[in-house]
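A look at the structure
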Amino acid sequence: MSIYSKIASKGKLTLGLVFPLEAYSGSIAKMENQEQLAKRAEQLGFKALWFRDVPFNDPNFGDAGQLYDPWIYMTHIMNQTKEIALATGSIILPLRHPVHTAKSINSLQLLSEERLVLGVASGDRPIEYPAFNQSLENKSELFRDSFHYIKALQGDFPNHTSKFYGSTNGGIDLLPKYYKQTPMLVTGHSGQSLDWIAEHSDGWLYYPRDFKTLQMVMHQWRKALTKVKKDWKPFMQSLYVDVTKDSNVKPTPIHLGFKSGTDYLNAHLKLLESYGVNHVILNLKYGSRPANELIEEIGEKVLPNFS
């Protein structure tokens, strides 16, 4: 069974965690004890660990992710764990050269024994684009160009011309080789139509929404898949949670999620599963308890219902 099928199966929902595995205020996490928490998450049965790609800290945005470069940090956590999926949420394609991205993909797949799942995006912080000498107006086209270039680089001695990033003429080859398809999920719309995402991606990575909006989004996703003659592709989403010691506590809103006991968290996730959500990425940033307590609580009282 591939790592992708372990985290995404039709009609089923699995759970992952995003770094930092930490509750913190402000933009910058402390990044303490992350290795131990990652190991524990794997032991408890979480299916994926997710890594952010945040080139610059924008204090106005309020979240600098796990601070470390995602490829380097995935490699570090890879060496602390055994089989849990290593997923990007998400690599900003327009701000990285596709040759470097493709080489990182192949390298990590081989070194990790095929544990990589790739979320990709066009970026949600416009202030970063000038630092890379890229035009924000081109971000949709840059995303598509990089996406197709990365795919082309998986072949032997590729012959491909990219509008923005250069060309190969078949006289050079990219090593190391990884001939299998690395799952690539498009985050949000990344400047693309839903039909394009349905046709070219291996799944859709979206954001927390109220149930009514989610139902509408899922209908649009299925409609787009039908239009491009695809039976099913995974739908995944993020969710911010804070879990109380009392399992009966009713939900109260937090940013892009809620604080509640595990009873409501279970019910909420079961409803997401019934709507067709296949994987939920839990974010612990706004937790009122230490991350290790939250992870244990979810691992003991929630994960067994989604394994």
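Anyway, here's the lowdown on the structure attached to this text. (Residues numbered from 1 in each chain as written. Predicted model: local features only at pLDDT ≥ 70, side-chain atom pairs only at ≥ 80, totals over all residues. Heavy atoms only, no water.)

Within the chain, the secondary structure is distributed over nine helices and 12 strands. What you see for the chain is a C-alpha radius of gyration of 19 Å, in line with the 19 Å of a compact globule of 307 residues. The dimensions of the chain, computed from C-alpha atoms along their principal axes, are 65 × 45 × 40 Å. With 307 residues in all, the chain has 53% of them scored as buried. The contacts of the chain with a sequence gap of at least 6 include a subset with a gap of at least 24, amounting to 70%. Counting every atom, the chain has about 13900 Å² of accessible surface; 52% of that belongs to carbon and sulfur. Of the side-chain charges in the chain, 34 are positive and 31 negative, and the distance between the mean point of each set is 5 Å. (Helix = DSSP H or I, 4+ residues; strand = E, 2+ residues; numbered from the N terminus. Rg over C-alpha atoms; globule rule 2.2 N^0.38 Å. Buried < 20%, exposed > 50% of the residue type's maximum accessible area, 1.4 Å probe, protein only. Contact = heavy atoms within 4.5 Å. Areas by Shrake-Rupley, 256 points an atom, 1.4 Å probe, with all protein chains shown as cover. Lys, Arg positive; Asp, Glu negative; His and termini not counted. Charge placed at Lys NZ, Arg CZ, Asp CG, Glu CD.)

On the surface, a cluster of nonpolar side chains totalling about 310 Å² of accessible area is made up of Ile28, Leu67 and Tyr68. You can see Tyr68 is positioned in the loop between β2 (48–51) and α3 (70–78). You can call Tyr68 partly exposed: its relative accessible area is 47%. (Patch = residues over 30% accessible without salt bridge, like charges linked within 9 Å, V, L, I, M, F, W, Y side chains within 5 Å. Salt bridge = Lys/Arg side-chain N within 4 Å of Asp/Glu carboxyl O.)

The amide bond that connects Phe19 to the next residue, Pro20, takes the cis arrangement and shows omega of 0°. Relative to the helices and strands, Pro20 is located in the loop between β1 (14–18) and α2 (34–44). A cis amide bond links Gly89 with the next residue in sequence, Ser90, at an omega value of 5°. You can see Ser90 is positioned in strand β3 (residues 85–92).

Inspection of the entire model under this criterion finds 16 aromatic pairs. Ring centres 5.4 Å apart and planes at 45° place the aromatic pair Tyr206 and Tyr207 in the tilted group. The exposure class assigned to Tyr206 is buried, which follows from its relative accessible area of 12%. Here the aromatic residues Trp204, Tyr206, Tyr207, Trp221 and Phe235 are joined through ring pairs into a cluster of three or more. A cation over a ring is seen here: Lys270 above Phe306, with NZ or CZ 4.7 Å from the ring centre. (Phe/Tyr/Trp six-rings, centres within 6.5 Å; stacked < 30°, edge-to-face > 60°. Lys NZ or Arg CZ within 6 Å of the ring centre and 35° of its normal.)

Turning to the side chain of Glu128, a few remarks are in order. Within the secondary structure layout, Glu128 lies in the loop between β4 (116–121) and α5 (139–152). Salt bridges are absent for the buried Glu128, whose nearest opposite-charge side chain, Arg125, sits at 4.7 Å. Setting aside anything within four residues of it in sequence, one finds Glu128 in contact with Val54, Pro55, Phe56, Ile92 and Leu95.

Turning next to the side chain of Asp202. Its location among the elements puts Asp202 in the loop between α6 (194–200) and β8 (204–206). Sequence-distant contacts of Asp202, that is, excluding residues within four places in its chain, are made with Tyr4, Lys151, Gln181, Thr182, Pro183, Met184, Lys233 and Pro234.

Below, the discussion takes up the packing of α3 against helix α4 (residues 98–111). Following both chains from N to C, one finds α3 and α4 inclined at 0°, their axes separated by 11 Å at the closest point. Here α3 is positioned roughly parallel relative to α4, judged by the angle of their axes. On α4, the residues that touch Trp71, Met74, Thr75 and Met78 of α3 are Thr101, Ser104, Ile105, Leu108 and Leu111. (Axes fitted to C-alpha atoms, helices over the stretch in contact; angles between N-to-C directions. Parallel < 35°, antiparallel > 145°, perpendicular 65-115°, else oblique.)

Packed helices, taken two at a time, are described by their axes: the angle between them and the distance between them. Axis separation between α2 and helix α9 (residues 291–301) bottoms out at 10 Å; the angle between their running directions is 5°. With respect to α9, the element α2 is oriented roughly parallel. Touching Leu37, Arg40 and Leu44 of α2 are Ala291, Asn292, Ile295, Glu296 and Gly299, all from α9. Here the contact of α2 with α9 is built from residues that sort into four nonpolar, two polar and two charged. (Nonpolar A, V, L, I, M, F, W, Y, C, P; charged D, E, K, R; others polar.)

Below, the discussion takes up the pattern of salt bridges. The final tally for this structure, using the stated rule, is 16 salt bridges. The partner of Arg96 in a salt bridge is Asp69, and the shortest N-O contact between them spans 3.1 Å. Separated by 27 residues along the polypeptide, Arg96 in the loop between β3 and α4 and Asp69 in the loop between β2 and α3 bring together distant segments of the chain. Taking the shortest distance from any N to any O, the salt bridge between Glu114 and Lys180 comes out at 3.0 Å. Separated by 66 residues along the polypeptide, Glu114 in the loop between α4 and β4 and Lys180 in the loop between β6 (166–169) and β7 (184–187) bring together distant segments of the chain. Given a relative accessible area of 31%, Glu114 falls into the partly exposed group. Residue Lys180 is classed as exposed on the basis of its relative accessible area, which comes to 52%. Within this structure, Arg289, Glu293, Glu297 and Lys301 form a network of salt bridges that share partners.

Just distances and angles here, no functional claims.
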